[in-house]
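# Structural features, examined
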Amino acid sequence: AQSVTQLGSHVSVSEGALVLLRCNYSSSVPPYLFWYVQYPNQGLQLLLKYTSAATLVKGINGFEAEFKKSETSFHLTKPSAHMSDAAEYFCAVIWGKLSFGAGTTVTVRA
Amino acid sequence: GAVVSQHPSRVICKSGTSVKIECRSLDFQATTMFWYRQFPKKSLMLMATSNEGSKATYEQGVEKDKFLINHASLTLSTLTVTSAHPEDSSFYICSARLLGTDTQYFGPGTRLTVL
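## Details of the side chain of Thr49(B)
Residue and element names in this part refer to chain B. Structurally, Thr 49 can be placed in strand β5 (residues 44-51). Accessibility expressed as a relative area gives 15% for Thr 49, which makes it buried. Those residues in contact with Thr 49, other than ones at most four positions away along the chain, are Thr 32, Met 33, Phe 34, Ala 56 and Thr 57.

The following block contains the structure:
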């Protein structure tokens, strides 16, 4: 069965440190891939999306993600964490319908 | 652009009553909207796909008679939770797909609490 996996349900980083959120998908055909962010009691905001135009995708708020077909991965990074980055992050893939990973909670330490 | 609104943002109701949630795409037309449910600390679960002018497509295990969906225009879809019970309490989120793309834009969600 096709699935999307986010490694690590919780990531804690210091302010100014690198943020790395891992996402792997299972599919023989590169799908469309997304990263969404959810702040408490809010809906999801699109951070970035991969649509095969370029393997390195830049998004909003300084985030970027790299699509690696050989590793079936689409990890999200941000060079320097800010307190406002504390939120829930979801990786998602389109296989007919949008399928979400379980989510990763990011906390940022001052 | 691509803003989706939901109303109300929060609703508390008594068991047995019905609650209607509206989802609007404010600056684009959406022939397809989606309704999700999210439990605390969990990911989103797709409930149904709402197509303008036709019947909604429900996911397996979702009661279509309990969760009524209407998509009467290109900018509005509604979800009505009929005869709500405490187990229906949840965070309901809608999304709208930008025409011609695979990108969904999400509303801010509606917190339903059934007493």
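## Some details on the interface of chain B and chain A
In this complex, chain B contributes 18 residues to the contact, which on the side of chain A involves 17 residues. Together, the buried faces of chain B and chain A total about 1400 Å²; carbon and sulfur atoms form 53% of this surface. The three residues of chain B that bury the most area against chain A are Ser43(B), Asp102(B) and Phe106(B), which together make up 33% of that side's buried surface. There are one salt bridge connecting chain B and chain A. Between Lys97(A) and Glu59(B) there is a salt bridge whose closest N-O contact spans 2.3 Å. Counting across the chain B and chain A interface gives seven residue pairs in polar contact (both at pLDDT 80 or more). Ranked by residues supplied to the side of chain B that touches chain A, first place goes to strand β10 (residues 104-106) of chain B with three residues. Split by residue class, the side of chain B that touches chain A holds eight nonpolar, six polar and four charged.

## Focus on the sheet that holds strand β7 (residues 64-68) of chain A
Residue and element names in this part refer to chain A. The five strands lie next to each other as β1-β3-β8-β7-β6, forming an open sheet whose pairing is antiparallel. With one partner strand each, in any of the chains shown, β1 (4-7) and β6 (56-58) form the two edges of the open sheet. Direction aside, the axes of adjacent strands within the sheet are offset by 20° on average. In terms of strand pairing, β6 meets β7 through three bridges, oriented antiparallel. Paired with Lys 58 across the strands is Glu 64, a residue of β7.

Definitions and cut-offs
Residues numbered from 1 in each chain as written. Chains lettered and ligands numbered in written order. Predicted model: local features only at pLDDT ≥ 70, side-chain atom pairs only at ≥ 80, totals over all residues. Heavy atoms only, no water. Helix = DSSP H or I, 4+ residues; strand = E, 2+ residues; numbered from the N terminus. Buried < 20%, exposed > 50% of the residue type's maximum accessible area, 1.4 Å probe, protein only. Contact = heavy atoms within 4.5 Å. Buried area = accessible area lost by both parts, 1.4 Å probe. Salt bridge = Lys/Arg side-chain N within 4 Å of Asp/Glu carboxyl O. Polar contact = N/O pair within 3.5 Å; in protein donor to acceptor, adjacent residues only side chain to side chain. Nonpolar A, V, L, I, M, F, W, Y, C, P; charged D, E, K, R; others polar. Pairing = 2+ DSSP bridges. Axes fitted to C-alpha atoms, helices over the stretch in contact; angles between N-to-C directions.

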